[in-house]
Amino acid sequence: MHFLLVILGVFTFFVSLPAVVQVLNSVPSYFSTPVTWLPHYIPRENFNEWLEAENSIALRNLLDNFLDDGVILASPSQSAPNYYYQWIRDSAIVINTLVKQLAVCQEPDCSVIHRRIVQYLNNSWRLQRIDNLSGRGVPTSTKGLGEPKFNVDFSSFDLSWGRPQNDGPALRVVTILNYLQNLNNSDTQFSPSLLSLNDYEDYTSQFLPLKESRDIYHEILYWDLLFIVNNWHMKNFDLWEEVYGFHFFTTVMQLYSIDRAIPVLETNKYFWGVDEQFLNKLINTRDTLLSFVREKGGFIDHTREIIKSCPQVLGERSGLDIATILASVYTHDEGNAGNDLEIFDVDDNNILNTLYDLIESMSELYPINKLKVENNNKKTKFYGTALGRYPEDVYDGIDVSEGNPWFLATAAASELSFKLIKKYRDESKDIVILKGNRFWSLVLDQYDPRKDITITYNSHGFNETLKSLMELGDSFLDTIRSHVANNGSMSEQFNKYTGFNQGARDLTWSYGAFLNTIQARNSIKNLL
């Protein structure tokens, strides 16, 4: 891990939360702040112009899905389907996207984004304390933190649902850590002393009960971490809210969140009053989770060399799931301020084979992909394959019939391709491809998966390979270009026969996935 490289800075950024007030002090209210956007259209005929315009549209539409009190709507759709709720998972993922946007935004957008993130801290504190059908809220119990969604008025959702879902607390920990460290990495000078946060009341629609930066740990992060310690070994529902069991995505995010938190707590344990016994529990849980996800959980299929998303459903499903790719890109992200997870990186054989098998299966599964499959070039015939959640999916966005491609799933393949380029270029090492890795047949003109291959760093072959990876990543974006609405909006899905938007309109997660992908692309386009 890279903890030694950042350990000296960890203490500083966690005493810097009061600087949020400094960031916002001279900013007028959100509703009087004009935001400059590119024209509301998509120039489909030019790929690069479209990327720029769609990036602006995606950010605007994502921010439009916030309510006045900072509630993050999964979608503004209130019927067929009704997504007019605040999901713990979706909110954390979307806010993490906004945290990364702070590195590239311009005013007044940055002030708007800061405000929304501060409101997210407020909302998190409130939601943690609501009793619900998963359990009592904190401090009575941590069970309630497994509740997947709440009504927009902050009441509990009391109808039947797939509960609990245990990935939310882990995603929230990662998102909050990223924001706090992002503040420290900015040019703003933060006082080493703790400042009053009473002024928070002026910048959020509700009172934020954090008087000092250490309160973020005691009031929010501690409870989410305790939830993971107490519940990681319990079966729960997956991020698609369908399958009860143990899930690769959930387990990896739980591992990552604790892995990120431990060095922070170790550095600040005296200043914050971190309980030594609790810190030891976190360390033990991390080690146990690491063993579980690598071996005991049964996630790795050594025969097919893929990741099984949920071993409990084998025999009913193939085990292939885009959630596996999401787990890899979320835990290996230059846009995050902290360290990446040591395992299941974007160049991992099992991760890449999983993506290849998803592409291969869905190229035949969705009729809109058939034209691409007819291409006889082995290397490019799967380029731009529209991807869904998993091959056996039957959710059509409204009811149960046939699954469709999803915008966020197709974007994930693109994001992984760009991050793969960044990894090889940054590490200045040879590309070593082990036999059995099917993914590279998408990249190399002549490839024999029965042989190990080494491509020397910075050689002609190395640079051409990275260019091919870039073309592969762009091909998935090009598919998205073909299926967004005429005004640039993205729903949850697009129909596998017609290609038109389907399911929940203006899905917030779709926009976040697109923004993440463009940010990953921008980080490498000058490296080729």
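Scoring rules and cut-offs
- Residue indices follow the written sequence of each chain, beginning from 1 at its first position.
- The predicted nature of this model means local features are confined to residues of pLDDT at least 70 and side-chain atom pairs, given and counted, to a pLDDT of 80 or more, with totals for whole chains, interfaces and linings taken over all residues.
- Side-chain figures throughout are based on the complete set of non-hydrogen atoms in the structure, without hydrogens or water.
- Aromatic contacts are taken between Phe, Tyr and Trp rings whose centres are within 6.5 Å, Trp giving its six-membered ring; a plane angle under 30 degrees counts as stacked, one over 60 as edge-to-face, and the others as tilted.
- Note on conventions: DSSP H or I runs of at least 4 residues are helices, E runs of at least 2 residues are strands, and numbering of each starts at the N terminus.
- Only protein chains enter the calculation, and the probe is 1.4 Å; a residue is then buried if its accessible area is under 20% of its type maximum, exposed if over 50%, and partly exposed in between.
- A ring is scored as having a charge over it whenever the NZ atom of a lysine or the CZ atom of an arginine sits within 6 Å of its centre and within 35 degrees of its normal.
- Across the chain, each position has a pLDDT score giving the predictor's confidence in that residue, from 0 to 100.
- Residue contacts follow a heavy-atom distance rule, with two residues in contact if any of their heavy atoms lie within 4.5 Å.
- Cysteine sulfur atoms are paired as a disulfide whenever they fall within 2.5 Å.
- Here the expected length of a helix is defined as 1.5 Å per residue gap, with one fewer gap than residues.
- Pairing of N or O atoms within 3.5 Å defines a polar contact, subject to two protein rules: one partner must be a possible hydrogen donor and the other a possible acceptor, and residues neighboring in sequence count only if both atoms are side-chain atoms.
- The axes are straight lines fitted to the C-alpha atoms, using for helices just the contacting stretch, and the angles between their N-to-C directions are given from 0 to 180°.
- Just so you know how the angles are binned, under 35 degrees is roughly parallel, over 145 roughly antiparallel, 65 to 115 roughly perpendicular, and the rest oblique.
- It is the rotation of the near helix from the far one that decides the hand of a crossing: anticlockwise by less than a right angle makes it left-handed, clockwise makes it right-handed.
- Nonpolar residues are Ala, Val, Leu, Ile, Met, Phe, Trp, Tyr, Cys and Pro. Charged residues are Asp, Glu, Lys and Arg, and all others, Gly as well, are polar.
- Only buried residues count toward a nonpolar core, which is a set of Ala, Val, Leu, Ile, Met, Phe, Trp, Tyr and Cys residues joined through side-chain atoms within 4.5 Å.
- For this document, the term salt bridge refers to a Lys or Arg side-chain nitrogen within 4 Å of an Asp or Glu carboxyl oxygen.

## Re the packing of aromatic side chains
- The tally for this structure, following the rule as stated, stands at 25 aromatic pairs.
- Their ring planes at 50° and their centres at 6.2 Å tell us that Tyr424 and Trp440 sit as a pair that is tilted. A residue pair is termed long-range when its members are at least 10 positions apart, and Tyr424 in helix α14 (residues 407–427) and Trp440 in the loop between β7 (431–433) and β8 (453–455) qualify at 16 residues.
- Under the relative-accessibility criterion, Tyr424 is labelled buried at 7%.
- Assessed through its relative accessible area of 1%, Trp440 is described here as buried.
- By way of ring pairs, the aromatic residues Trp232, Phe246, Phe248, Phe292, Phe299 and Phe344 are connected into one cluster.
- For Lys149, the ring lying beneath its charged end belongs to Phe157, and the centroid distance is 4.2 Å.

## A look at unusual backbone geometry
- With an omega dihedral of 5°, the bond running from Ala80 to Pro81 counts as a cis peptide bond.
- Looking at the element boundaries, Pro81 is found in the loop between α3 (47–64) and β1 (86–87).
- Its identity is not glycine, yet Ser428 carries a phi of approximately 50°, on the positive side.
- Following the sequence through the fold, Ser428 ends up in the loop between α14 and β7.
- The exposure class of Ser428 is partly exposed, given its relative accessible area of 40%.
- Phi is positive for Asp506, which is not a glycine, with a value near 45°.
- Its location among the elements puts Asp506 in the loop between β10 (501–502) and α16 (508–522).
- Relative accessible area serves as the criterion here: at 17%, Asp506 is assigned to the buried category.

## Examining the confidence of the model for the protein chain
- Per-residue pLDDT for the protein chain averages 87, and the proportion of residues at 70 or more is 85%.
- Confidence drops under pLDDT 50 across residues 1–40; counting only partners more than four residues distant or on other chains, this segment forms 99 contacts.
- Scored below 50 in pLDDT, residues 186–205 makes 42 contacts in the model with residues more than four places away or belonging to other chains.

## Here we look at the state of the cysteines
- Per the stated rule, a full pass over the model turns up one disulfide.
- Note on cysteine connectivity: Cys105 is disulfide-linked to Cys110, with sulfurs 1.9 Å apart. Measuring handedness by torsion sign, the sulfur bridge of Cys105 and Cys110 sits at about 115° and is right-handed.
- Assessed through its relative accessible area of 11%, Cys110 is described here as buried.

## A look at helix α12 (residues 349–365)
- In this model, α12 (17 residues) spans 24 Å end to end at C-alpha, consistent with the 24 Å of a helix rising 1.5 Å per residue.
- Within α12, 13 of the 17 residues are buried, which leaves the element mostly enclosed by the surrounding structure.
- At the N-terminal boundary of α12, the capping side chain belongs to Asp348, with an oxygen 2.9 Å from the backbone nitrogen of Asn350.

## Let's talk about the side chain of Asn236
- Checked against the element boundaries, Asn236 lands in strand β3 (residues 236–237).
- Relative accessible area serves as the criterion here: at 3%, Asn236 is assigned to the buried category.
- A distance of 3.3 Å separates a polar atom in the side chain of Asn236 from the backbone nitrogen of Asn166.
- Polar contacts involving the side chain of Asn236 include one to the main-chain carbonyl oxygen of Met234, which spans 3.2 Å.
- What Asn236 contacts, discounting residues up to four positions off in sequence, is Pro164, Gln165, Asn166, Val243, Tyr244, Gly245, His247 and Thr250.

## A look at the environment of Ala413
- Take Ala413: it is sitting in helix α14.
- Residues Ala413 and Leu477 lie 64 residues apart in sequence; the distance between their C-alpha atoms is 9.2 Å.
- Look past the residues within four positions of Ala413 in its chain and what remains in contact with it is Leu355, Leu387 and Phe476.

## Quick word on the packing of helix α11 (residues 322–330) against α14
- Following both chains from N to C, one finds α11 and α14 inclined at 40°, their axes separated by 10 Å at the closest point. Classed by the angle they form, the pair α11 and α14 counts as oblique. The interaxial crossing formed by α11 with α14 has left-handed handedness. Along the contact surface, α11 presents Ile322, Ile325, Leu326, Ser328 and Val329, while α14 presents Leu408, Ala409, Ala412, Glu415, Leu416 and Lys419.
- Residue composition of the contact of α11 with α14, by class: eight nonpolar, one polar and two charged.

## Section: the side chain of Asn516
- Within the secondary structure layout, Asn516 lies in helix α16.
- Taking the relative accessible area as the measure of exposure, Asn516 reaches 6% and is therefore buried.
- A distance of 3.1 Å separates a polar atom in the side chain of Asn516 from a polar atom in the side chain of Thr97.
- Those residues in contact with Asn516 that lie beyond four places of it in its chain are Thr97, Lys100 and Glu415.

## What about the environment of Gly144?
- Along the polypeptide, Gly144 turns up in the loop between α5 (109–128) and β2 (149–150).
- Spatially, the C-alpha atom of Gly144 lies 6.2 Å from that of Asp131, the residues being 13 residues apart in sequence.
- The residues contacting Gly144, other than those within four sequence positions of it, are Asn132, Ser134, Gly135 and Arg136.

## Here's the deal with the nonpolar core
- With 146 residues, the main nonpolar core has Trp240, Leu265, Phe439 and Trp440 as its most contacted residues.
- Setting aside residues up to four positions removed in sequence, Trp440 forms contacts with Leu352, Leu420, Tyr424, Ile431, Ile433, Tyr447, Thr465 and Leu469.
- Counting residues in each nonpolar core, the second largest holds seven residues, with Ile88, Ile130, Phe150 and Phe154 among its members.

## Structural notes on the pattern of salt bridges
- Throughout the structure, instances matching the rule amount to 28 salt bridges.
- Ionic pairing is found between Asp224 and Arg172, a salt bridge with its closest N-O pair at 2.8 Å. Taken as a pair, Asp224 in helix α8 (residues 214–231) and Arg172 in helix α6 (residues 168–185) lie far apart in primary sequence, 52 residues in all.
- Since its relative accessible area comes to 3%, Arg172 is described here as buried.

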